[in-house]
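Now for the letters of each chain:
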Amino acid sequence: MTIRLGDVAPDFSADTTDGPITFHEWLGDSWGILFSHPKDFTPVCTTELGAFAARKAEFDRRNTKIIGVSVDDVASHQQWKGDIAETQGTALNFPIIGDEERKVAALYDMIHPNANDTLTVRSVFIIGPDKKVKLTLTYPASTGRNIDEIIRVLDSLQLVAGYSVATPANWRDGDDVIIANSISDDEAQTKFPKGFRKLKDYLRLTPQPNK
Ligand code: BEZ
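Report on the accompanying structure. (Residues numbered from 1 in each chain as written. Predicted model: local features only at pLDDT ≥ 70, side-chain atom pairs only at ≥ 80, totals over all residues. Heavy atoms only, no water.)

### Here we look at the sheet that holds strand S9 (residues 177-179)
Then comes step 1: Judged by pairing direction, the sheet is antiparallel, and its 4 strands sit side by side in the order S8-S9-S11-S10 without closing on themselves. In the strand order of this sheet, the two ends are held by strand S8 (165-166) and strand S10 (197-200), each with one partner.
Then comes step 2: The sheet contact formed by S10 and strand S11 (residues 203-206) spans 3 bridges and is antiparallel. Directly across from lysine 200, in S11, lies its bridge partner leucine 203. (Pairing = 2+ DSSP bridges. Helix = DSSP H or I, 4+ residues; strand = E, 2+ residues; numbered from the N terminus.)

Have a look at this one:
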């Protein structure tokens, strides 16, 4: 099943390294990040799982739960955890789904047969508290993901959920933001009391409103 932005993230029940879950219930009112890795006991995946674990406190601060998935079973994940802690210096601190029947992989279209017909690609889904998909990313097996970028886009998504703004290229938390074109200049003066710079009618920048 292809997942598009704005779709409700498919719900499922699964066994994980922290016990059985039903996904939507597990998410509760939080934001969520569901990400797949191709295979346990492989090098790039080991670094990625360690990298997500090392940044867990930053996801917590953003009211965001993270959960991994691959087509290995929970027993395999449990064994692999020791290697992650040993080599990456951070113990795994979030659940990984055992998806040996590929139920989650099928729901989220994580197996791309022309890349590999048995292993999940490196997918990322950011899901809002309304359970709708806000971002999808797909990386090949050979490229480990950048956790800074995932946190950067999460910051952007959480900001635009509360204000009539968008974030420019290479934006980072604290940088100026773009005022939505649905807001008139008069409205902008009220909504953005720190003022704004008008480079073009369609390009107005203002200091990040929640800072
Ligand atoms: C890796 O994590 O290094 C990896 C996993 C599956 C296929 C190729 C590489």
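### So, unusual backbone geometry
Then comes step 1: Here phenylalanine 41, not a glycine, exhibits a phi torsion of approximately 55°, which is positive.
Then comes step 2: Along the chain, phenylalanine 41 turns up in the loop between strand S3 (31-36) and helix H2 (43-54).
Then comes step 3: With relative accessibility at 42%, the residue phenylalanine 41 sits in the partly exposed group.
Then comes step 4: Look at asparagine 170: it is not a glycine, yet its phi comes out positive at around 65°.
Then comes step 5: Its location among the elements puts asparagine 170 in the loop between S8 and S9. (Buried < 20%, exposed > 50% of the residue type's maximum accessible area, 1.4 Å probe, protein only.)

### A short note on the site of the ligand
Then comes step 1: Near the ligand, the surroundings consist of Pro38, Thr42, Pro43, Val44, Cys45, Arg122 and Ala141.
Then comes step 2: Here an oxygen atom of the ligand and a side-chain polar atom of threonine 42 are 2.9 Å apart.
Then comes step 3: One of the backbone nitrogen or oxygen atoms of cysteine 45 is found 2.8 Å away from an oxygen atom of the ligand.
Then comes step 4: Summarising the interface, the protein chains cover 75% of the accessible area of the ligand, which totals 270 Å² for the free molecule.
Then comes step 5: Counting residues per element, the shell around the ligand draws most heavily on H2, at 3 residues.
Then comes step 6: Looking at the shell around the ligand, its residues break down into 5 nonpolar, 1 polar and 1 charged. (Near = heavy atom within 4 Å. Polar contact = N/O pair within 3.5 Å; in protein donor to acceptor, adjacent residues only side chain to side chain. Areas by Shrake-Rupley, 256 points an atom, 1.4 Å probe, with all protein chains shown as cover. Nonpolar A, V, L, I, M, F, W, Y, C, P; charged D, E, K, R; others polar.)

### Brief notes about the pattern of salt bridges
Then comes step 1: Under the definition given, this model contains 15 salt bridges.
Then comes step 2: For arginine 145, the salt bridge is made with glutamate 48, and the minimal N-O distance between the two is 2.7 Å. Note that arginine 145 is positioned in the loop between strand S7 (133-139) and helix H6 (147-160) and glutamate 48 in helix H2, a separation of 97 residues in sequence.
Then comes step 3: Judged by its relative accessible area of 2%, glutamate 48 falls in the buried class.
Then comes step 4: One connected set of salt bridges, linked through shared partners, spans Asp185, Lys198, Asp201 and Arg204. (Salt bridge = Lys/Arg side-chain N within 4 Å of Asp/Glu carboxyl O.)

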